[in-house]
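Fold and contact review
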Amino acid sequence: MKLETQRLLLRDINESHVDDILRIRSNEVINRFVIRKSPKNNYDALQFILTIKERTQNSQTIYLGISLKDQPNLIGTICLWNFSEDRKTAEVGYELLPEYHRQGIMSEVLKVVLDFGFNELNLEEILAITNKCNENSKGILLKHGFIVWEGKEDKDFPDNIIFSLKRLSAGHH
């Protein structure tokens, strides 16, 4: 699968992206706000890629690497996953190497992926979960029309805030 924006290419991740995935998923700045098992080496990164490929084939997830159009390497990822049983709701997740922050890249990517989710996958609601201290992420979500889901919490991670964007309330979809 492939999506693109003016400056960026979003595409399926494969075995050739091991170094990039290791770099992105083990980045300390990104991981300040994300609780996960980070890959320690190429083997871990490869296992992650193989898991993603399998989940993509089973339609459990849509997981895309982000790269600048003139560069082969990935600078971030974005995914739609955690689909509800009726496939009307999914969660969006994203990450971007810190040296590319504050350039509007994630905003550009999110717009395309939200359009894809609502228009191609016919989702009715897209959720996003972010750490309450992650100001960049909160800013992007609010800019794209997400609202905080008051009173709903991420049981295992009390520092997280859950955001929701519904297809109907978003006039621009």
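Reference entry: report on the structure contained in this document. Keep in mind that what you see is a predicted model, and the values were worked out from it rather than measured.

**Observations concerning the overall build of the protein chain**
Looking only at helices and strands, the protein chain has five helices and eight strands in total. If you list the helices and strands of the protein chain from N to C, you get β-β-α-α-α-β-β-β-α-β-α-β-β. For 173 residues, the compact-globule estimate of 2.2 N^0.38 gives 16 Å, and the protein chain sits close to it at 15 Å. Seen through its principal axes, the protein chain has C-alpha atoms that stretch 40 × 35 × 35 Å. In the protein chain, buried positions account for 46% of the 173 residues. Long-range pairs, those at least 24 residues apart, make up 59% of the contacts in the protein chain with a sequence separation of at least 6.

**Some remarks on the environment of L114**
Residue placement: L114 occurs in helix α4 (residues 105-120). The sequence separation of L114 and V18 amounts to 96 residues, and the corresponding C-alpha distance is 26 Å.

**Examining the packing of aromatic side chains**
On inspection of all chains with the given rule, the structure shows one aromatic pair. Taken together, a centroid distance of 5.7 Å and an interplanar angle of 75 degrees make the contact between F48 and Y63 edge-to-face. Taken together, the residues F48 in helix α3 (residues 42-57) and Y63 in strand β3 (residues 62-68) connect sequence positions 15 residues apart. Like Y63, F48 is buried. The ring centre of F83 lies 4.1 Å from the NZ or CZ of R87, which sits over that ring. We note K152 situated over the ring of W149; from NZ or CZ to the ring centre the distance is 4.9 Å.

**Some thoughts on the nonpolar core**
Core analysis: the largest hydrophobic core is formed by 46 residues, its most contacted members being I66, I105, V109 and F146. The element contributing the most residues to this core is α4, with nine residues.

**A few points about the packing of helix α1 (residues 18-25) against α3**
Contact geometry of α1 with α3 gives a least axis separation of 9 Å together with a crossing angle of 100 degrees. On the basis of their axis angle, the class for α1 and α3 is roughly perpendicular. Only N42, A45, L46, F48 and I49 of α3 make contact with α1, whose side of the interface consists of V18, D19, I21, L22 and R25.

**Side note on the side chain of T61**
Of note, T61 is situated in the loop between α3 and β3. A relative accessible area of 5% means that T61 is categorised as buried. A distance of 3.3 Å separates a polar atom in the side chain of T61 from the backbone oxygen of L80. Residues within four places of T61 in sequence aside, it is in contact with I52, R55, T56, C79, L80, W81 and F83.

**Details of α1**
Counting buried residues in α1 gives six out of eight residues, a clear majority hidden from the surface. Every buried residue belonging to α1 is among V18, D20, I21, L22, I24 and R25, and all of these are buried. Where α1 is buried, its residues touch α2 (28-31), α3, β3, β4 (76-81) and β5 (89-96).

How each quantity is defined
Residues numbered from 1 in each chain as written. Predicted model: local features only at pLDDT ≥ 70, side-chain atom pairs only at ≥ 80, totals over all residues. Heavy atoms only, no water. Helix = DSSP H or I, 4+ residues; strand = E, 2+ residues; numbered from the N terminus. Rg over C-alpha atoms; globule rule 2.2 N^0.38 Å. Buried < 20%, exposed > 50% of the residue type's maximum accessible area, 1.4 Å probe, protein only. Contact = heavy atoms within 4.5 Å. Phe/Tyr/Trp six-rings, centres within 6.5 Å; stacked < 30°, edge-to-face > 60°. Lys NZ or Arg CZ within 6 Å of the ring centre and 35° of its normal. Core = buried A, V, L, I, M, F, W, Y, C linked by side-chain atoms within 4.5 Å. Axes fitted to C-alpha atoms, helices over the stretch in contact; angles between N-to-C directions. Parallel < 35°, antiparallel > 145°, perpendicular 65-115°, else oblique. Polar contact = N/O pair within 3.5 Å; in protein donor to acceptor, adjacent residues only side chain to side chain.

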